[in-house]
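Secondary and tertiary structure notes
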Amino acid sequence: MRAKASLSSDQGPESADQAGPVSDARLRLLLAAEREFAREGIDTASLRKIAALAGNGNNNAVKYHFENRAGLVRALLTYRVQQMEAQRTVMLREAEATGRLGDMRTLLEIYCVPQISLRDERGQFPYARFLLQFYAFYQDIDYRDAIVDVVQISPAIGRVRQLIIDELKMESRRADNRIALCHGMFLNMMVRSEIEFGNGLASEAARREVADTLEMMVRAIAAPPAAEELTIPPQLPAGADAVSPPPAGRPADRTSQLQEENAALRQLVADLSVERSRLKQMLAARER
């Protein structure tokens, strides 16, 4: 794992943390990066291709405006969070006026629902796709550090996040982890249900998806901590079969059970492959 990039250093001629309007050149780079990061992965997307997609003939455009990949990621997070700041501020005021700042469902709505407004001209959610990559795979910037950095400019997201942590009443790192996992549930719902969001939340199907996901999130984030740590089975030697013949004394029905579980897992992988192909065909059809 590489060392995490500092989030407090200046990033090129224009600070990646700057508030206010974003120049046209920087905006084109941010939007191109968002799509490429979502499609190719944050670590593997080509910075030269991002510059080309942004209509910039200078291959070093990202370095000039953001210094490096980490600076570009941070600038994208800042730009998108700022876009949602006004809506989150209004939602927080309404929740405070009605005495709902201690209600977890309300807090999760404020944290997640504004992201539904960030759709592109094709009706997709590139920022949601980017965040899924950021949470799952990117290691140069820890998301906790990124949030601390962004909060300096966009306090609403910091306030609602702290209110969630306060309601959870658990140590901060565990609370951070639960927020990230539950946020991932919402992001996955957005990406999987892009068609339902054709008219935003005006669609009954979209509202149902959001309500159902929020209900799951409320239950998951507030679940009691595990009473004991998970027992990790020993690793199998390289090349060993996941289902081995039973050793002496092991009942034969245990072997049958393991074989059935292995078959179920294989079927799940096959189903996921079919679903992925279906989604790719659907997206290709929409782009034509």
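Residues numbered from 1 in each chain as written. Predicted model: local features only at pLDDT ≥ 70, side-chain atom pairs only at ≥ 80, totals over all residues. Heavy atoms only, no water.

Looking at an unreviewed UniProt entry, the protein carries the name TetR/AcrR family transcriptional regulator, with the source organism given as Rhizorhabdus wittichii.

Scanning the protein from terminus to terminus reveals eleven helices and zero strands. Each helix and strand of the protein, ordered N terminal to C terminal, gives the series α-α-α-α-α-α-α-α-α-α-α. In the protein, which comprises 288 residues, the proportion classed as buried is 40%. Within the protein, residue pairs in contact and separated by at least 24 positions form 73% of the contacts whose partners lie at least 6 positions apart. In the form shown here, the protein has an accessible surface area of approximately 16,500 Å², with 53% of it arising from carbon and sulfur atoms. (Helix = DSSP H or I, 4+ residues; strand = E, 2+ residues; numbered from the N terminus. Buried < 20%, exposed > 50% of the residue type's maximum accessible area, 1.4 Å probe, protein only. Contact = heavy atoms within 4.5 Å. Areas by Shrake-Rupley, 256 points an atom, 1.4 Å probe, with all protein chains shown as cover.)

Turning to the pattern of salt bridges, a few remarks are in order. Should their charged atoms come close, side chains of opposite charge can pair. Applying the stated criterion to the full structure yields 14 salt bridges. Two residues, R161 and D176, come together in a salt bridge whose shortest N-O distance is 2.5 Å. With R161 in helix α8 (residues 155-168) and D176 in helix α9 (residues 172-192), this residue pair connects regions lying 15 residues apart in the sequence. With respect to burial, R161 and D176 carry one shared label: buried. A single network of salt bridges, built from pairs that share partners, joins R35, D120, E121 and R122. (Salt bridge = Lys/Arg side-chain N within 4 Å of Asp/Glu carboxyl O.)

Over its 21 residues, α9 extends 30 Å from the first C-alpha to the last, a length consistent with the 30 Å expected when each residue adds 1.5 Å. The N-capping residue of α9, defined by a side-chain oxygen 3.1 Å from the backbone nitrogen of R173, is E171. (Expected span 1.5 Å × (residues − 1). Polar contact = N/O pair within 3.5 Å; in protein donor to acceptor, adjacent residues only side chain to side chain.)

The relative placement of two packed helices is expressed as an angle between their axes plus a distance between the axes. Viewed as axis vectors pointing N to C, helix α6 (residues 126-136) and α9 meet at an angle of 145°, and their least axial separation amounts to 9 Å. Handedness of the α6/α9 crossing: left-handed. Touching A128, R129, L131, L132 and Y135 of α6 are A180, H183, G184, L187, N188, M190 and V191, all from α9. Here the residues of the contact of α6 with α9 sort into eight nonpolar, three polar and one charged. (Axes fitted to C-alpha atoms, helices over the stretch in contact; angles between N-to-C directions. Left-handed = near helix turned anticlockwise from the far one by under 90°. Nonpolar A, V, L, I, M, F, W, Y, C, P; charged D, E, K, R; others polar.)

The tally for this structure, following the rule as stated, stands at five aromatic pairs. An aromatic cluster is present here, built from F37, Y127, F130, F134 and Y135 joined pairwise through their rings. R88 extends its terminal NZ or CZ atom over the ring of Y111, reaching a point 5.9 Å from the ring centre. (Phe/Tyr/Trp six-rings, centres within 6.5 Å; stacked < 30°, edge-to-face > 60°. Lys NZ or Arg CZ within 6 Å of the ring centre and 35° of its normal.)

Now for unusual backbone geometry. With a phi close to 80°, E67 is a non-glycine residue in the positive phi region. By the element assignment, E67 lies in the loop between α3 (61-66) and α4 (69-97). Overall, E67 belongs to the partly exposed group, its relative accessible area being 39%. In the Ramachandran plot, K169 falls in the positive-phi region, its phi being about 55° despite a non-glycine side chain. Within the secondary structure, K169 sits in the loop between α8 and α9. With relative accessibility at 68%, the residue K169 sits in the exposed group.

Summarising the element assignment, R69 is placed in helix α4. A C-alpha to C-alpha distance of 9.8 Å links R69 and S46, two positions 23 residues apart in sequence. Residues in contact with R69, not counting those within four places in the same chain, are F37, I42, D43, T44, A45, L47 and Y138.

Let us now look at the confidence of the model for the protein. When the pLDDT values of the protein are averaged, the result is 81; 75% of them are 70 or greater. Predicted confidence in the protein is weakest over helix α11 (residues 252-287), with a mean pLDDT of 66, and strongest over helix α5 (residues 104-112), with 98. Overall, residues 1-17 carries pLDDT values under 50, and its contacts beyond four positions in sequence, including any with other chains, amount to 46 contacts. (pLDDT = per-residue confidence, 0-100.)

Bringing helix α10 (residues 204-221) into the picture now. The terminal C-alpha atoms of α10, which comprises 18 residues, lie 26 Å apart, in line with the 26 Å expected from a rise of 1.5 Å per residue. All buried positions along α10 are accounted for by A206, V210, T213, L214, M217 and I221. All buried residues of α10 project into a common sector of 105° when viewed along the axis, lining one side. Among the exposed residues of α10, those pointing more than 90 degrees away from its buried face are E204, R208 and R219. (Arc of directions from axis to C-beta.)

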